[in-house]
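Now for the letters of each chain:
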Amino acid sequence: MPTPLAILRADPRTAAWLAALEADGPPDVEIVLPTLETLLDLAVPHEDVNPLLALAGDLRADPELWWLLRRCVQRLVRGIGAIDDPFELPLLPDELGALGRYFHAYVFIAALPYVRAYHRERDIPAEVSRRTLADLGRNLAVHRRRHGVGGVLHTGWLKLHFRGEVYQLGRLQFQRVTLGSRMGAAASLGPGAPALSLHIPDFSGPLTPAACDDSLARARAFFPRHFPEEPYTVAICHSWLLDPQLADHLPDSSNIVGFQRRFRPGYRDEHASDGPIEFVFGDPALPVDALTPRTTLEHAIVDHLRAGGHWHTGNGWFPL
């Protein structure tokens, strides 16, 4: 039977990534495996607690997976706090089974001491740190909702939390970014200017105007205090929630339409993504004919698709 590293070398999705880790040299990080208290702090769903605790022993006993874990953690926390780090954490091949699906959860858990130390250096309140890093639990819940088994879904998204780039402040999450050329031109700031990218996490209640106002008020106080060297003057967002077509299908009083009104137009993106299938119905692979709408939003999404339309990822900005 092939070893874990042999499986990774044979898969073109992970072969180059593995070679980059091998080139990094011996790691000098301490590895912390999960405890029950750690998993509860990270809002890990109860269905995933026992597997994560049980598989930790198998991970520790496998010299190749332990080798991989140590190098992933070293690379993840290197230069922690920097924006736009290119390091990737690709999903592992199916041949690695449950341990492969959960592998990156162990990477993020082992990175906890480093990101918490970074948060302390920035004087970030403990409750903000805890709520931000608890997105790991939300990610595990979304994976199980979509696939019916435990695992980590969006590794590239979670790495931002564990490198100090994303913060949960009330209903919204805020990512420290620099503007690209198109959004920089739209906001009249130019590429490379600092900005806060808004994200709307799942399982967090309605996107009410009051909840958004509260989050933005927190962000306006939080970033000047904890990142004074980064002058954030604009907020941006790239999301299916900003597709202007939604305003043609939803009532004027809907929270989504109200959220859209906060933004000034960014740039036109003609690429169809049909993102609502993933974010509203839970699985981007679901065929339109299999969708069973119940809410006003779900009916709007399905009716538009069945009429031959497509949804797009919208974008916009507003001054902070």
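Everything that follows concerns the structure shown earlier in this document.
Residues numbered from 1 in each chain as written. Predicted model: local features only at pLDDT ≥ 70, side-chain atom pairs only at ≥ 80, totals over all residues. Heavy atoms only, no water.

Caption draft 1: Layout of the packing of aromatic side chains. Tallied over the full model, the rule gives 10 aromatic pairs. Clustering of aromatic rings is evident, with ring pairs tying together Y167, F174, F222, F223, F227 and Y232. The positively charged end of R60 is found above the aromatic ring belonging to W66, 4.1 Å away from the centroid. (Phe/Tyr/Trp six-rings, centres within 6.5 Å; stacked < 30°, edge-to-face > 60°. Lys NZ or Arg CZ within 6 Å of the ring centre and 35° of its normal.)

Caption draft 2: How the structure looks around helix 6 (residues 97–121). If you check helix 6, its first and last C-alpha atoms are 38 Å apart, about what 25 residues at 1.5 Å a residue would give, namely 36 Å. Of all the bends in helix 6, the largest measures some 45° and sits at L112, one to four residues before the proline P113. (Helix = DSSP H or I, 4+ residues; strand = E, 2+ residues; numbered from the N terminus. Expected span 1.5 Å × (residues − 1). Bend = angle between axes of the 7 residues up to and from the residue.)

Caption draft 3: Main features of the nonpolar core. Core analysis: the biggest nonpolar cluster contains 46 residues, and W17, L68, L69, Y106 and F162 have the highest contact counts within it. For this core, the secondary structure elements donating two or more residues are helix 1 (4–10), helix 2 (12–23), helix 4 (46–61), helix 5 (63–77), helix 6 and helix 8 (135–147). A per-element tally of this core places helix 6 first, with 12 residues. When near neighbours in sequence (up to four residues on either side) are disregarded, F162 contacts L76, I80, F108, A111, L112, V115, L133 and L136. L172, L241, L246 and V257 belong to the second-largest nonpolar core, a separate cluster that totals 38 residues. (Core = buried A, V, L, I, M, F, W, Y, C linked by side-chain atoms within 4.5 Å. Buried < 20%, exposed > 50% of the residue type's maximum accessible area, 1.4 Å probe, protein only. Contact = heavy atoms within 4.5 Å.)

Caption draft 4: The environment of T178, seen in detail. Relative to the helices and strands, T178 resides in strand 2 (residues 172–178). A relative accessible area of 35% places T178 in the partly exposed class. In the structure, T178 is positioned 17 residues away from A195 in sequence and 5.6 Å away in space, judged by C-alpha atoms. With residues near it in sequence (within four places) discarded, T178 still touches I83, D84, G192, A193 and P194. Here D84 takes part through its side chain, which lies 3.1 Å from a polar atom of the side chain of T178. (Polar contact = N/O pair within 3.5 Å; in protein donor to acceptor, adjacent residues only side chain to side chain.)

Caption draft 5: Representation of the layout of surface pockets within the structure. Approximately 1,200 Å³ is the volume found for the largest pocket. Surrounding the largest pocket, 41 residues form its lining, I200, P201, D202, W240 and F279 being those nearest its centre. For the lining of the largest pocket, the leading source of residues is helix 8, giving six residues. Looking at side-chain class alone, the lining of the largest pocket contains 18 nonpolar, 15 polar and eight charged residues. In terms of lining residues, the second largest pocket is bounded by 18 residues, among which L242, D243, P244, G314 and N315 are the most central. Elements with a minimum of two residues in the lining of the second largest pocket: strand 5 (264–265) and strand 6 (314–319). Considering every element that reaches the lining of the second largest pocket, the biggest residue donor is strand 6, with three residues. (1 Å grid on protein atoms, 1.4 Å probe; cavity = no way out; pocket = protein on both sides within 12 Å on 5 of 7 lines; lining within 4 Å. Points joined across faces, edges and corners; volume = space filled by probe spheres on them. Nonpolar A, V, L, I, M, F, W, Y, C, P; charged D, E, K, R; others polar.)

Caption draft 6: Highlighting the packing of helix 5 against helix 6. Two numbers describe how helix 5 lies on helix 6: the axes approach to 9 Å, and their chain directions differ by 45°. As judged from the angle between their axes, helix 5 and helix 6 are oblique. Crossing handedness for the pair helix 5 and helix 6: right-handed. Here L65, L68, L69, C72, V73, L76 and V77 of helix 5 come into contact with helix 6, specifically with L99, F103, Y106, V107, F108, A110, A111 and Y114. Here the contact of helix 5 with helix 6 is built from residues that sort into 15 nonpolar, no polar and no charged. (Axes fitted to C-alpha atoms, helices over the stretch in contact; angles between N-to-C directions. Parallel < 35°, antiparallel > 145°, perpendicular 65-115°, else oblique. Left-handed = near helix turned anticlockwise from the far one by under 90°.)

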